[in-house]
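# Results of the structural survey
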Amino acid sequence: MVRIFDGRLHIHYGQAYIEPFESRGVGLEDSFCGQNNGLCGAASPGMLFLLTGLHTGDVSFVLDVLDAPPPLDDTWEEIVEVSFAPSSEKVILSEWGGEYVCDVPLLQEIYRVRYCARDMDRGKEIDTYGEGEPVDFYALTFWRADSAPDVVIKQTSQVAAYWHNWVRTLKL
């Protein structure tokens, strides 16, 4: 296992991204169109659009690249999976507005990605948070695997339910 990032990720508009270093930015609808889950948008090739409960402030965020799928951790309240293929040799984690956070060392192969969240409803309720410890928590994990449709593994929050329902209304 390689832990790539473990810390605070600054969120604005409830968004963060995995994207090619040289090409930043994709629209919300384009990222989720045709998907079943509304938390990790993988519909735009080479990019992931990550949604959080908190609108603005710092969230706790962990990013790992593994050799094999991790066991499911029941402490997470939201769990979704998508397939992802980097479109560039240099892939980054970035905050809203294209602010660079770190490199994500991926080969140009197909990965399965698990996005997990805890306390999304609390983050949504607080909306903007600037002091103290983060109020919502996220983990993003990559491992090499065959491509498969996106899936909602676990959903408990109202925030996740809203986004899952919204994405299912998008027209292809």
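Refer to the structure presented above.
Keep in mind it's a predicted model, so treat the numbers as computed, not measured.

### Some points on the overall build of the protein chain
Scanning the protein chain from N- to C-terminus turns up three helices and 12 strands. Relative to its length of 172 residues, the protein chain is compact, with a C-alpha radius of gyration of 15 Å against a globular reference of 16 Å. Counting contacts in the protein chain only where the partners sit at least 6 residues apart, residues at least 24 apart contribute 79% of the total. With an accessible surface of roughly 8,200 Å², the protein chain has 50% of that area assigned to carbon and sulfur atoms. With 13 positive and 27 negative side-chain charges, the protein chain shows a separation of 3 Å between the mean positions of the two kinds.

### Brief notes about the sheet that holds strand β3 (residues 40-41)
Spatially, the five strands line up as an open sheet ordered β3-β4-β2-β7-β8, and their pairing is antiparallel. In this open sheet, the two strands that pair with only one neighbour each are β3 and β8 (99-104). Bridge analysis of strand β2 (residues 15-20) against strand β7 (residues 91-95) gives five bridges, and the strand direction is antiparallel. Bridging across to β7, Ala16 finds its partner in Glu95.

### Quick look at unusual backbone geometry
Notably, Tyr13 is not glycine yet its phi reads approximately 60 degrees, a positive angle. As for its placement among the helices and strands, Tyr13 is situated in the loop between β1 (2-11) and β2. The backbone of Asp119 shows a phi angle near 70 degrees, a positive value even though the residue is not glycine. Within the secondary structure, Asp119 is located in the loop between β9 (111-118) and α2 (120-126). Given a relative accessible area of 23%, Asp119 falls into the partly exposed group.

### Topic: the nonpolar core
In this structure, Ile18, Phe61, Leu63, Leu93 and Phe142 are the most contacted members of the largest nonpolar core, which totals 42 residues. With five residues, the single largest contributor to this core is helix α3 (residues 158-167). Discounting chain neighbours no more than four positions away, the residues touching Leu63 are Val2, Arg3, Ile4, Phe5, Ile18, Leu93, Val104, Leu140 and Phe142.

### Comments concerning the packing of aromatic side chains
By convention here, two paired aromatic rings are described through the distance between centres and the angle between planes. For the coordinates displayed, the defined rule picks out 10 aromatic pairs. Taking 5.1 Å as the distance between ring centres and 90 degrees as the angle between the ring planes, the aromatic pair formed by Tyr17 and Phe49 counts as edge-to-face. One end of the pair, Tyr17, is in strand β2; the other, Phe49, is in strand β4 (residues 48-51), with 32 residues separating them in the sequence. Considering the side-chain rings of Phe84 and Phe142, the 5.9 Å spacing of their centres and the 70 degrees angle between planes classify their relative orientation as edge-to-face.

### Overview of the side chain of Ser88
Its location among the elements puts Ser88 in the loop between β6 (78-84) and β7. On the accessibility criterion, Ser88 (6% relative accessible area) is buried. Within polar-contact distance, the side chain of Ser88 engages the backbone nitrogen of Lys90 at 3.2 Å. Once you skip the residues sitting within four places of it in the chain, Ser88 turns out to touch Pro20, Glu22 and Gln108.

### Comments concerning the side chain of Glu81
Examined against the element boundaries, Glu81 turns out to sit in strand β6. The class for Glu81 is buried, based on a relative accessible area of 9%. Polar contacts involving the side chain of Glu81 include one to the side chain of Arg112, which spans 3.2 Å.

Reading the values: rules and limits
Residues numbered from 1 in each chain as written. Predicted model: local features only at pLDDT ≥ 70, side-chain atom pairs only at ≥ 80, totals over all residues. Heavy atoms only, no water. Helix = DSSP H or I, 4+ residues; strand = E, 2+ residues; numbered from the N terminus. Rg over C-alpha atoms; globule rule 2.2 N^0.38 Å. Contact = heavy atoms within 4.5 Å. Areas by Shrake-Rupley, 256 points an atom, 1.4 Å probe, with all protein chains shown as cover. Lys, Arg positive; Asp, Glu negative; His and termini not counted. Charge placed at Lys NZ, Arg CZ, Asp CG, Glu CD. Pairing = 2+ DSSP bridges. Buried < 20%, exposed > 50% of the residue type's maximum accessible area, 1.4 Å probe, protein only. Core = buried A, V, L, I, M, F, W, Y, C linked by side-chain atoms within 4.5 Å. Phe/Tyr/Trp six-rings, centres within 6.5 Å; stacked < 30°, edge-to-face > 60°. Polar contact = N/O pair within 3.5 Å; in protein donor to acceptor, adjacent residues only side chain to side chain.

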